[in-house]
Amino acid sequence: FRGRAAAGGGGNDDYLPKIDFDTREMEDVRWFHRDFVARRLDGGSTALSYDPKGEERDFHIPGKASLARILITEWALETMG
């Protein structure tokens, strides 16, 4: 599924496997298409006081200083081939 979606909605999720997660650790877990994520790489923050606005309320990625952000960015910008 690496080429089609990343853990993390945006579209028809019928073909994707169910995501099992611990609700004590994660509030929400969804699948996102690579293009969807790549278009949103300009946002994000690691600040505890960060209050996302607009589209970032439904989807935002960690700040640029985080390992998660680096991995997400590399995946989102990876070319398919």
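Residues numbered from 1 in each chain as written. Predicted model: local features only at pLDDT ≥ 70, side-chain atom pairs only at ≥ 80, totals over all residues. Heavy atoms only, no water.

Secondary structure assignment for the protein yields two helices and two strands. Order of helices (α) and strands (β) in the protein, N terminus to C terminus: β-β-α-α. As displayed, the protein offers around 6,200 Å² of accessible surface, 52% of which is attributable to carbon and sulfur atoms. (Helix = DSSP H or I, 4+ residues; strand = E, 2+ residues; numbered from the N terminus. Areas by Shrake-Rupley, 256 points an atom, 1.4 Å probe, with all protein chains shown as cover.)

Moving on to the nonpolar core. Core analysis: the biggest nonpolar cluster contains eight residues, these being Phe32, Phe36, Val37, Leu41, Phe59, Ile61, Trp75 and Ala76. Sorting the residues of this core by element identifies helix H1 (34–38) and helix H2 (67–77) as the ones contributing at least two each. Ignoring anything within four residues of it in the chain, the contact list for Val37 reads Phe32, Phe59, Ile72, Trp75 and Ala76. (Core = buried A, V, L, I, M, F, W, Y, C linked by side-chain atoms within 4.5 Å. Buried < 20%, exposed > 50% of the residue type's maximum accessible area, 1.4 Å probe, protein only. Contact = heavy atoms within 4.5 Å.)

Quick look at the environment of Trp75 now. Residue position: Trp75 is located in helix H2. Given a relative accessible area of 10%, Trp75 falls into the buried group.

To continue, consider the packing of aromatic side chains. Counted according to the given criterion, the structure contains one aromatic pair. Here the aromatic rings of Phe32 and Phe36 are separated by 5.2 Å at their centres, their planes lie at 25°, and the arrangement is stacked. Per residue, the accessibility class of Phe32 equals that of Phe36, and both read buried. The residue whose ring lies beneath Arg40 is Phe36, and the NZ or CZ to ring-centre distance is 3.6 Å. (Phe/Tyr/Trp six-rings, centres within 6.5 Å; stacked < 30°, edge-to-face > 60°. Lys NZ or Arg CZ within 6 Å of the ring centre and 35° of its normal.)

Right, let's get into the pattern of salt bridges. Under the counting rule described, the total for this entry stands at four salt bridges. Among the salt bridges present, the one from Arg30 reaches Asp28, with a minimum N-O distance of 2.9 Å. As a salt-bridge pair, Glu78 and Arg34 come within 3.8 Å of each other at their nearest N and O atoms. Taken as a pair, Glu78 in the segment after H2 and Arg34 in helix H1 lie far apart in primary sequence, 44 residues in all. (Salt bridge = Lys/Arg side-chain N within 4 Å of Asp/Glu carboxyl O.)

For the rest of this paragraph, the subject is H2. Taken together, the buried positions of H2 are Arg69, Trp75 and Ala76. Along H2, the residues classed as buried sweep out an arc of 135° about the axis, all on the same side. Opposite the packed face of H2, turned more than 90 degrees from it, sit the exposed residues Leu67, Leu71, Glu74 and Leu77. (Arc of directions from axis to C-beta.)

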